[in-house]
Each structure stands twice: as C-alpha cells, then as structure tokens.
Amino acid sequence: MRHLVATKEFRAGFVEMLPACVGLVPFGVVCGVGAAAAGADWLAALGMALFIFSGAAQILAVQLYAANAPAAIIVLTCFVLGLRFLMYSAAMAPYMRRLPVPWQRGLAFLLTDQAFAAAIRKFDASEDTRAAGVHFLGSGIAVWSNWVATNMIGYFAGASIPPSWSLDFAVPLCFIALVAPLLRSLPSVVAAVAAGVAVLALAGLPMRLNLIAAGLIGIVAGTAVDLSRERWKAR
C-alpha cells in the first residue's frame, strides 16, 4: 500500500477530490450529530462511518435505530438506498474487469457518488487502466478518510449545531459540480434532464425508489438519443 500512496496517480486522485471533500464536511458532521442524538456511543458512530460509508444510509439507519426498528429492517433499508450503485458498477465494469480481483473488491468499497464521477472521467481519458485505478484509489481514500473524520467531529460536537442550518444541501451541490463537466454531448444532457424530471415526478415512491427509477429512465433516454443519432449519421 505504501508504494501506491507514493505514486503521482494516487496523489493526483487524492488532491483532485479535496474540493469535493470540503463540500461533504457539513453532511458528515450532520451524520455524526444524528448518531449522537440517537443515543449511539462513539464506537457505533465510528463503525457506521467506517463501514456503511453512506450519508443517506447512515441517516436513515440512525433514525430507524432511534425508533427501535428491527436490525433486518435497518439492513434492508440501507440495501435499497444503495441500489443506485448497481448502475455505477455497470458503468465501471468494462474498466474494472481489467484489474486484479483484489483491486476490484477494494475499489468497489470506495465507490461513492463523488468518486464515481471523478473515476469514470479518468478511465475514459486514460489508456493506462492501472494508473486510472490508482487515481480512483486516491480519490476514494480522500472521501473515505474525510467522511470518517467529519462524522466523528459531528458526533463529539453533539447537539451544538442547530437543526435549522439544514447542512445537507451541500451534498447535491457537490455532486452537481462533479457531474457537470461530463455533460458534453446531447445523449448525456438528455439523460441528465430525463433523470432529473423523473426523480421529482416519482418522489412519492417508497424507500427512495424514485432514485433508482430515475436513473434507469435517464439511461434509457440517453441510450435512445445516442442510437437515434448514430442511425441518422448512417443515412
């Protein structure tokens, strides 16, 4: 691991993700505050940050924990919230299959919204899959270490941060900033618009399934436009 950390690709991925990490600080703090408010001890809060490593899942897990929900319900809820990563994984699979299996498993754990946006751009632009993988590793470690640190800061800060601050707005803003540079073609723009409209139109679906449905709708819309454009060029 030490020789990977010393590589320029790892450092580049780590540094590139720092602005996104700054944007995630409020959300991480809120997750830590939520864990403290639910009565979790510091080891439980640390474990959630280390292993769940998901803002939305952690917030819901804490709420369900505070409501004395069964463990199976908490796990199932977190699983449903994580279904969007199936789409991320499908997009990453053509690149990841070129890497050794231990790499695939390690990088899969570090896959987040922010790391995905940075990694897919790097894999697309680089012919060296291993170098792109190390870059992804640096990005993922930056987000993960920042997430754990901010969660613990929030936990020990406790209830001193007023709920009226509504700091969770920082996450969508951060992700928009990462995704916007990828919208360089008509299919990608159509996919983003279709998904955005769908996620609002389907907001009434239970268990945040509107996120999954909107992602699938965006993929279908973008693919349809891309195929139509290719057929038009073939004429």
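Preceding block: the structure.
Residues numbered from 1 in each chain as written. Predicted model: local features only at pLDDT ≥ 70, side-chain atom pairs only at ≥ 80, totals over all residues. Heavy atoms only, no water.

**Student:** I'd love a proper account of the overall build of the chain, names of residues and values included.
**Tutor:** A tally of regular secondary structure across the chain gives 12 helices and 0 strands. The helix and strand sequence of the chain, counted from the amino end, reads α-α-α-α-α-α-α-α-α-α-α-α. The buried share of the chain, taken over its 235 residues, is 40%. In the chain, 79% of the contacts between residues at least 6 apart in sequence involve partners at least 24 apart. When the accessible surface of the chain is split by element, carbon and sulfur atoms take 70% of a total near 12900 Å². (Helix = DSSP H or I, 4+ residues; strand = E, 2+ residues; numbered from the N terminus. Buried < 20%, exposed > 50% of the residue type's maximum accessible area, 1.4 Å probe, protein only. Contact = heavy atoms within 4.5 Å. Areas by Shrake-Rupley, 256 points an atom, 1.4 Å probe, with all protein chains shown as cover.)

**Student:** Let's hear about the pattern of salt bridges: which residues, and what values?
**Tutor:** The final tally for this structure, using the stated rule, is 2 salt bridges. Residue Arg121 pairs with Glu16 through a salt bridge whose shortest N-O separation is 3.1 Å. Residue Arg121 is found in helix 8 (residues 113-125), and its partner Glu16 is found in helix 2 (residues 8-37); the two are separated by 105 residues along the sequence. Residue class for Arg121 comes out partly exposed when judged on its relative accessible area of 24%. The salt bridge involving Arg229 is made with Asp226; its shortest N-O contact spans 3.4 Å. Placement of the pair is Arg229 and Asp226 together in helix 12 (residues 209-234), with a separation of 3 residues, close to one helical turn. A residue is classified by how much of its surface remains accessible, and Asp226, at 29% relative accessible area, is partly exposed. (Salt bridge = Lys/Arg side-chain N within 4 Å of Asp/Glu carboxyl O.)

**Student:** So what about the nonpolar core? Which residues, and what values?
**Tutor:** Ranked by size, the top nonpolar core spans 21 residues in total, and within it Met92, Met96, Leu107, Phe123 and Phe136 carry the most contacts. Elements supplying a minimum of two residues to this core: helix 6 (84-96), helix 7 (101-109), helix 8 and helix 9 (129-157). Discounting residues that sit within four places of it in the chain, Phe136 has contacts with Met92, Met96, Leu107, Leu110, Leu111, Ala115, Ala119 and Phe123. (Core = buried A, V, L, I, M, F, W, Y, C linked by side-chain atoms within 4.5 Å.)

**Student:** How would you explain the packing of aromatic side chains if you had to name every residue and give the values?
**Tutor:** As enumerated under the stated definition, the model contains 7 aromatic pairs in all. Aromatic side chains Phe85 and Tyr88 sit 5.4 Å apart centroid to centroid with 80° between the ring planes, which places their arrangement in the edge-to-face category. Taken together, the residues span about one helical turn, with Phe85 and Tyr88 both in helix 6 at a distance of 3 residues. Consider the rings of Tyr155 and Phe156, whose centres lie 5.2 Å apart with planes at 85°: the pair is edge-to-face. (Phe/Tyr/Trp six-rings, centres within 6.5 Å; stacked < 30°, edge-to-face > 60°.)

**Student:** Would you mind going over the packing of helix 4 (residues 55-66) against helix 5 (residues 71-81) in detail, with residue names and values included?
**Tutor:** A pair of packed helices can be characterised by two numbers: the angle between their axes and the separation between those axes. Axis separation between helix 4 and helix 5 bottoms out at 9 Å; the angle between their running directions is 160°. Between helix 4 and helix 5, the interaxial angle falls into the category roughly antiparallel. Helix 4 and helix 5 meet at a crossing whose hand is right-handed. On helix 5, the residues touching Ala56, Ala57, Leu60, Ala61, Leu64 and Tyr65 of helix 4 are Ile73, Ile74, Thr77, Cys78 and Leu81. (Axes fitted to C-alpha atoms, helices over the stretch in contact; angles between N-to-C directions. Parallel < 35°, antiparallel > 145°, perpendicular 65-115°, else oblique. Left-handed = near helix turned anticlockwise from the far one by under 90°.)

**Student:** Describe helix 6, naming the residues involved and giving the relevant values.
**Tutor:** For helix 6, which comprises 13 residues, the first-to-last C-alpha distance of 18 Å matches the rise-based estimate of 18 Å (1.5 Å per residue) to within 8%. At Ala90, helix 6 shows its maximal bend, which comes to roughly 35°, and the proline Pro94 appears one to four places after that position. The set of residues buried in helix 6 consists of Arg84, Phe85, Met87, Tyr88, Met92, Tyr95 and Met96. (Expected span 1.5 Å × (residues − 1). Bend = angle between axes of the 7 residues up to and from the residue.)

**Student:** Any details on unusual backbone geometry? Residues and values, ideally.
**Tutor:** When glycine is set aside, most residues are seen to have a negative phi, and most peptide bonds are trans. Phi is positive for Phe53, close to 50°, though the residue is something other than glycine. The buried category is assigned to Phe53, whose relative accessible area is 9%.

That is the geometry; function is a separate question.
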